Amino acid sequence: MKPIDAGCIYCGDTNFSREHGMLRCLGEFEGYEGLLDRVCAGCNNGFKKIDEQLCRSGREAFFREYLGIEGRKHHGKVNPFYRGSAGGKRIEVEAVSSEHGVPPIALELTDGTLRERRQITIIDGNGHRYQIPFQDKMTPEQFRAQFDSLGIKSIQNADVYCDDDEKEWIRTLLATLGSDVTFQRDDRQPSLARYDSALMTFEVTPLYIRAIAKIAFHCFLGFVPRFRGDEECFSEIRSFIQSEGSPSDWGRFVACERKIYGGTRPATWGHLVTAEIDYSRLTSRVQLFLGPLESEPYLFTVNLGRNPSRNDSGLKEIRFFEYFPQAERRGRIVGALKHGLGIRGLV
Ligand SMILES: [Zn+2]
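The structure presented is a predicted model; accordingly, all values stated were derived computationally and were not measured.

*Asks:* An account of the overall build of the protein is requested, with residue identities and associated values reported.
*Replies:* When you go through the protein residue by residue, the secondary structure sums to 8 helices and 14 strands. By the burial criterion, 35% of the 347 residues in the protein qualify as buried.

*Asks:* Explain the sheet that holds strand β7 (residues 155-161) residue by residue, including any values.
*Replies:* The 3 strands lie next to each other as β6-β5-β7, forming an open sheet whose pairing is antiparallel. Two strands bound the open sheet, and with one partner strand each, they are β6 (129-133) and β7. Here the strands of the sheet are splayed against their neighbours by 20° on average, with no regard to which way each runs. Note: strand β5 (residues 119-124) against β6, 5 bridges, orientation antiparallel. Residue pairing across strands places Ile123 opposite Arg129, the latter belonging to β6.

*Asks:* Which residues make up the packing of helix α2 (residues 48-57) against helix α6 (residues 206-223), and what values go with them?
*Replies:* Axis separation between α2 and α6 bottoms out at 8 Å; the angle between their running directions is 100°. Judged by the angle between their axes, α2 and α6 are roughly perpendicular. Contacts between α2 and α6 pair Lys49, Ile50, Asp51, Gln53 and Leu54 from the former with Leu207, Tyr208, Arg210, Ala211 and Lys214 from the latter.

*Asks:* Tell me about helix α7 (residues 235-243), and please be specific about residues and values.
*Replies:* Since the α-helix turns once every 3.6 residues, residues separated by three or four places project in the same direction. Three or more residues of α7 are buried, namely Ile237, Arg238, Phe240 and Ile241. Buried residues of α7, seen end-on, are gathered within an arc of 165° and therefore sit on one face of the element. Set apart from the buried face of α7 by more than 90 degrees, the exposed residues are Ser235 and Ser243. Lining the buried residues of α7 we find α6, α8 (247-253) and β12 (299-306). Directly beyond the C-terminal end of α7, a positive phi value near 65° is found at Glu244.

*Asks:* Break down the confidence of the model for the protein for me, citing the residues and quoting the values.
*Replies:* Put simply, the protein has an average pLDDT of 83, and 81% of its residues get 70 or more. When mean pLDDT is compared element by element in the protein, β12 scores highest at 96, while strand β8 (residues 197-201) scores lowest at 70.

*Asks:* Before we move on, can you summarise unusual backbone geometry with the specific residues and values?
*Replies:* Unusually for a residue other than glycine, Lys137 sits at a positive phi of about 60°. Mapping Lys137 onto the fold places it in the loop between β6 and α4 (140-149).

Cut-offs and rules
Residues numbered from 1 in each chain as written. Predicted model: local features only at pLDDT ≥ 70, side-chain atom pairs only at ≥ 80, totals over all residues. Helix = DSSP H or I, 4+ residues; strand = E, 2+ residues; numbered from the N terminus. Buried ≥ 20, exposed ≤ 12 C-beta atoms within 10 Å, placed from the backbone. Pairing = 2+ DSSP bridges. Axes fitted to C-alpha atoms, helices over the stretch in contact; angles between N-to-C directions. Parallel < 35°, antiparallel > 145°, perpendicular 65-115°, else oblique. Contact = placed C-beta atoms within 7 Å. Arc of directions from axis to C-beta. pLDDT = per-residue confidence, 0-100.

Spelled out as structure tokens, the structure:
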């Protein structure tokens with residue numbers, strides 16, 4: 001039996017706060033309450049940066065926008081297509097066309113709709129092509145500094161993409177390029193239909209890997225109540241989640257591969273997390289935003305520690321944090337936790 005006054009699994013403090021396990025910015029799920037008496041308010045607060053990294057600048061940031069997952073209301077809304085977060089880079093989505101003469105173009109996703117990103121594309125005198133996104137509240141000085149950093153010697157042609165009500169502001173930015181730059185209106189229909197596929201790139205940082213490890217560890221503890229999380233076997237994963245260690249360590253804790261867990265895509269969107277115990281190890285797998293679209297999320301395998309009891313093995317719990325269709329969501333409750341066989345279309 002654990003003593004009743006056992007404290008935070010990271011620091012021993014007893015001022016607990018609810019830990020969401022599945023990150024709160026991914027929504028709350030019926031039938032899952034997270035961890036109530038394992039993580040203190042201080043440690044929880046310290047995890048904010050790694051949570052933010054995953055939710056605002058990874059592939060997850062894209063799917064949060066795509067599926068309309070809002071997360072915590074009072075956090076300032078950051079558009080991940082203009083600005084990265086917590087040290088991560090912004091998401092780049094570029095559409096390409098097989099049609100000759102249609103150049104690749106940067107896209108953004110707003111409320112589930114892809115459109116051309118607010119930007120200027122410039123062809124210089126040598127035919128090289130550059131793109132500068134117009135970030136929110138960009139000043140003329142900031143725009144000019146970005147332009148200068150590209151080393152463009154002469155402009156042959158440029159296209160500006162923006163909404164009508166943004167034109168006056170964009171004009172003040174372009175004025176920094178000189179008085180001979182003119183602005184011509186082009187009333188052609190939006191040209192997204194000309195593109196036939198899109199490529200998304202983003203950068204994965206150590207904070208992202210730690211966020212994955214934290215989801216795996218905390219969900220495991222929620223699914224397998226006989227572990228509290230403060231056991232010696234978890235000491236290394238705890239310290240990795242808290243302080244990350246050196247890059248050479250990451251591979252010891254988190255491995256990833258390009259494959260769909262179980263080989264079949266579920267019919268609905270959600271996050272898959274497992275808790276697995278074999279003879280020697282405690283493991284959890286995490287696959288976020290797994291769904292019907294032809295997008296391949298990484299399947300992460302997180303090594304949580306050595307199994308302290310060889311007699312206790314052969315466990316495999318599969319859970320799916322399944323999103324409701326938009327109309328069925330109720331406030332912060334955006335889905336429900338499904339167990340193994342309850343996952344529609346997966347088994
Ligand atoms: Zn703590």
